[in-house]
Amino acid sequence: MDGGSGDDHDPTTAAGDKPPRKKRYHRHTPQQIQELEALFKECPHPDEKQRLELSKRLCLETRQVKFWFQNRRTQMKTQLERHENSLLRQENDKLRAENMSIRDAMRNPICTNCGGPAIIGDMSLEEQLLRIENARLKDELDRVCALAGKFLGRPITGPPLPNSSLELGVGTNGTFGTTMATTTTLPLGHDALPTMVVPSNRPATTLDRSMFLELALAAMDELVKMAQTDEPLWIKNIEGGREMLNHDEYLRTFTPCIGLKPNGFVTEASRETGVVIINSLALVETLMDSNRWAEMFHCMIARTSTTDVISNGMGGTRNGALQLMNAELQILSPLVPVREVSFLRFCKQHAEGVWAVVDVSIDTIKESTTFVTCRRLPSGCVVQDMPNGYSKVIWVEHAEYDESQVHQLYRPLLSSGVGFGAQRWVATLQRQCECLAILMSSTVPTRDHTAITASGRRSMLKLAQRMTDNFCAGVCASTVHKWNKLNAGNVDEDVRVMTRKSIDDPGEPPGIVLSAATSVWLPVSPQRLFDFLRDERLRSEWDILSNGGPMQEMAHIAKGQDHGNCVSLLRASAMNANQSSMLILQETYLDAAGSLVVYAPVDIPAMHVVMNGGDSAYVALLPSGFAIVPDGPGSHGPISNGHVNGNTGGGSSSVGGSLLTVAFQILVNSLPTAKLTVESVETVNNLISCTVQKIKAALQCES
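Residues numbered from 1 in each chain as written. Predicted model: local features only at pLDDT ≥ 70, side-chain atom pairs only at ≥ 80, totals over all residues. Heavy atoms only, no water.

Per an unreviewed UniProt entry, the recorded name for the protein is Homeobox domain-containing protein, and the organism is Gossypium tomentosum. Here is the UniProt Sequence similarities (unreviewed entry) comment for the protein, exactly as written: "Belongs to the HD-ZIP homeobox family. Class IV subfamily." One UniProt comment on the protein, placed under Subcellular location (unreviewed entry), says "Nucleus". (UniProt positions renumbered as here; feature names shortened; annotations may be inferred.)

Dropping the structure here:
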């Protein structure tokens, strides 16, 4: 394929030879343009490796891809400048017309009483009121300039008048400004205030918007300082080397932006730094989109929504974006309640390639109809671009919560900041971004089964993600999943049993679905426990439903560099010729914060359709599985009553163990109108109890 992109010339010949040929143009196909545009939205500056992969996939030369991106960036910059110039021209014309009308009025003053020429020095009452109103508006403009300077991190000059009370409003052209009849907009760019997008049904008042903005600015300042300051604000933990917040130093350094800690609440704080395979712009877009945020951290976020967009950002970017969000954060255990939080999320660009996104609860501003059990102090991340598409992420998590709702077994994990802390967010982000990088790569990992087509891999991964999401819902019972909790007298108090009716859901078998989950402490390392549970050759040692038969891995799709991060399809070998072999879809992952093993029996014909690239939405499955986290620092295992033995005196050494959550989902009746029987509840309770005992026996743990 000779010729580059549109601006590429053919080389000229030497003097005296044939005249130079005319430049040739290469017109990209619609499919090539669609692929290029899709990557441009995610990464406007691809590195050499990305350009090489793209050129191979699109059958283009690398320089054609390079020139296309250069031209596309130039075109986008030109469009933005043209748009900004148009807005500035309109504002300039408007100000010029207003200036002319004011000058005409000053040359020919008219008396409002008689209509004749006004006497110089004689000021009417109406003019006095207008002068007072003008002075008030100048005061408000000065306050807006001060807020904007703080908002953008650079001073914006305004009239040198004293500040007064300010009510922020929305002008007729949709810009964020004062309540003047003709709103004057500042030019777009670094000195501009964010565009305020206010839905017609939004509940926030003008005063709310002003308070939200000031709270967001204070939270951003606190986050950046907590991310950049080391000792004495952050102290290294002697046992695990993790950073701990010095609360006395924190109270001396910061003024609480959401008020003092409620009585009975405890504080958790953590900070983690990591390198992630994602650029800052892509990560910011993910965090500011509630759907993409939930998908990136799908095992941590049970539900999330954006309830109000106060600002979309400036100049077509997320700089200055401010929105109100709700979320339910979860740990995969029935012994830890879901955290429901309502918070502001604010995004700001601090320098070229440096962004920060902060969350802060709004409980002190907006009254909540529900009892608040958790408050999110300024938390979030500072992201800095690095070469080759990587970025450095500093994550800070800071919260106050009601510890009385948490089981004793999990209190050390939460108080140390491990359960909901920064390490878990960074570890999950690293694992998910590594998975996306592998899936976007044109090369298939060597350990993958090459018999699966690319579309088949996508369908299997989509089905596995739905399976994992369904598993998490059966453990934590978010408000969005409509589970009903059962209180059965013959079930252990630490076992959560829930039921729901499955009707007209193509992804689940119809009928009564029963879910049971519990968490136990085991004196084995998380790594050893994970390796044991994910190994298909050892499955018969704990899986009661496998009939003791051996398992064989039919398909394997890698989702990370670690062999344990994968989606696989297992087959139970038939014990005799009359038995049909059973297929099991399994997803496993492992990171610094914990691990997961989720599986579900699947129909053989349906899986053949999925592996050939068919729609996975109609594959019915009920997942079960295990969630593993390390026991919290300072935990020494359970004592006789099952609670954690905290501070053991007498020089007792700490036992390194794991917290294992076991969860099953079973279809107890194929008729949604059927009644749930006591025998069904006892069956699933016995299933959990037997599985835990088999795991303990296989790992030689004490019962």
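Student: Report on helix H7 (residues 280-288), specifying residues and quantitative values.
Tutor: In terms of residue burial, H7 counts as a mostly covered element, since 7 of its 9 residues are buried. Two or three places before leucine 281, at the start of H7, stands the capping residue asparagine 279, its side-chain oxygen 3.2 Å from that residue's backbone nitrogen. (Buried < 20%, exposed > 50% of the residue type's maximum accessible area, 1.4 Å probe, protein only. Helix = DSSP H or I, 4+ residues; strand = E, 2+ residues; numbered from the N terminus. Polar contact = N/O pair within 3.5 Å; in protein donor to acceptor, adjacent residues only side chain to side chain.)

Student: I'd like a description of the pattern of salt bridges, backed by residues and values.
Tutor: Inspection of every chain in the model, using the stated rule, returns 20 salt bridges. A salt bridge links arginine 303 to glutamate 328; the nearest nitrogen and oxygen atoms lie 3.2 Å apart. On the criterion of sequence distance, the pair formed by arginine 303 in strand E6 (residues 301-311) and glutamate 328 in strand E7 (residues 322-329) is long-range, its members being 25 residues apart. With relative accessibility at 26%, the residue arginine 303 sits in the partly exposed group. Residues arginine 376 and glutamate 397 are paired through a salt bridge, measuring 2.9 Å at the closest nitrogen-oxygen approach. Placement of arginine 376 in strand E10 (residues 374-376) and of glutamate 397 in strand E12 (residues 391-402) is noted, with a sequence separation of 21 residues between them. Since its relative accessible area comes to 6%, glutamate 397 is described here as buried. Connected via shared salt-bridge partners are Arg345, Asp359, Arg376 and Glu397. (Salt bridge = Lys/Arg side-chain N within 4 Å of Asp/Glu carboxyl O.)

Student: Give me unusual backbone geometry: which residues, what numbers.
Tutor: Cis peptide bonds are those with omega within 30 degrees of zero, and the linkage from glutamate 231 to proline 232 qualifies with 5°. Among the structural elements, proline 232 can be located in the loop between helix H5 (206-228) and strand E3 (234-236). Non-glycine residue cysteine 59 carries a positive phi angle of around 60°. Counting through the fold element by element, cysteine 59 comes out in the loop between helix H2 (48-58) and helix H3 (62-107). Its relative accessible area of 56% is what places cysteine 59 among the exposed residues.

Student: Account for the UniProt feature "coiled-coil region" (unreviewed entry) in the protein, with residues named and values stated.
Tutor: The residues that UniProt annotates with the feature "coiled-coil region" (unreviewed entry) are residues 73-105. The straight-line gap between the two end C-alpha atoms of residues 73-105 is 48 Å; of that span, 100% is helix and 0% is strand.

Student: Explain the confidence of the model for the protein residue by residue, including any values.
Tutor: Looking at the protein, pLDDT values average 76 and 73% of them are 70 or higher. Here residues 1-15 is a poorly scored stretch, pLDDT under 50, and it has 31 contacts once near neighbours within four places are set aside; other chains count. Note that residues 634-654 has pLDDT below 50 and, in this model, 28 contacts with residues that lie over four places away or in other chains. (pLDDT = per-residue confidence, 0-100. Contact = heavy atoms within 4.5 Å.)

Student: Give a detailed account of the environment of proline 506, specifying residues and quantitative values.
Tutor: With respect to the element layout, proline 506 can be found in the loop between strand E14 (496-502) and strand E15 (511-522). Between the C-alpha atom of proline 506 and that of alanine 620, which follows or precedes it by 114 residues, the distance is 6.4 Å. Excluding its chain neighbours within four sequence positions, the residues that come into contact with proline 506 are Ala617, Tyr618, Val619 and Ala620.

Student: Now, about the side chain of asparagine 246: what can you tell me, with residues and values included?
Tutor: Tracing the chain through its elements places asparagine 246 in the loop between strand E4 (243-245) and helix H6 (247-253). Within polar-contact distance, the side chain of asparagine 246 engages the backbone oxygen of proline 232 at 3.3 Å. The residues touching asparagine 246, leaving out its near neighbours within four places in the chain, are Pro232, Leu233 and Ile235.

Student: A description of the nonpolar core should follow, citing residues and the corresponding values.
Tutor: Across soluble globular proteins, you tend to see nonpolar side chains buried next to one another. Ranked by internal contacts, the top residues of the largest apolar core, which has 46 residues, are Trp293, Phe297, Trp395, Tyr410, Leu414 and Leu429. Two domains share this core, each providing at least three of its residues, namely domain 2 (208-438) and domain 3 (455-634 + 655-699). Those residues within four positions of tryptophan 395 in sequence are excluded, and the remaining contacts are Ser270, Arg271, Glu272, Leu287, Phe297, Gly380, Cys381, Ala422, Trp425, Val426 and Leu429. (Core = buried A, V, L, I, M, F, W, Y, C linked by side-chain atoms within 4.5 Å. Domains from an automatic or database assignment.)

Student: A description of the packing of aromatic side chains should follow, citing residues and the corresponding values.
Tutor: For the structure on display, the rule yields 11 aromatic pairs. Seen from their ring centres, phenylalanine 297 and tryptophan 425 are 5.0 Å apart, and the 65° between their planes marks the pair as edge-to-face. Of this pair, phenylalanine 297 sits in the loop between helix H8 (290-296) and E6 while tryptophan 425 is found in helix H10 (residues 422-440), placing the two residues 128 residues apart along the sequence. For tryptophan 425, a relative accessible area of 2% gives the class buried. Summarising the aromatic geometry, the rings of tryptophan 395 and tryptophan 425 are spaced 5.6 Å apart at their centres and angled 10° between planes, so their arrangement reads as stacked. Residue tryptophan 395 is located in strand E12, and its partner tryptophan 425 is located in helix H10; the two are separated by 30 residues in the primary sequence. No difference in accessibility class separates tryptophan 395 from tryptophan 425, as the two residues are buried. Through a chain of ring-to-ring contacts, the aromatic side chains of Trp293, Phe297, Phe343, Trp395 and Trp425 assemble into a single cluster. The ring of tyrosine 401 has arginine 339 lying over it, and the distance from NZ or CZ to the ring centre is 4.4 Å. Residue placement shows arginine 539 over the ring face of tyrosine 599; its charged tip is 4.2 Å from the ring centre. (Phe/Tyr/Trp six-rings, centres within 6.5 Å; stacked < 30°, edge-to-face > 60°. Lys NZ or Arg CZ within 6 Å of the ring centre and 35° of its normal.)

Student: Got a sec to walk through the packing of helix H1 (residues 30-42) against H2? Specific residues and values, please.
Tutor: Taken N-terminus to C-terminus, the directions of H1 and H2 make an angle of 160°; their axes are 11 Å apart at the nearest point. Viewed along their axes, H1 and H2 adopt a mutual orientation that is roughly antiparallel. In this structure, the crossing between H1 and H2 has a hand that is right-handed. Touching Gln32, Glu35, Leu36 and Leu39 of H1 are Leu54, Arg57 and Leu58, all from H2. A class-by-class count of the residues in the contact of H1 with H2 yields 4 nonpolar, 1 polar and 2 charged. (Axes fitted to C-alpha atoms, helices over the stretch in contact; angles between N-to-C directions. Parallel < 35°, antiparallel > 145°, perpendicular 65-115°, else oblique. Left-handed = near helix turned anticlockwise from the far one by under 90°. Nonpolar A, V, L, I, M, F, W, Y, C, P; charged D, E, K, R; others polar.)

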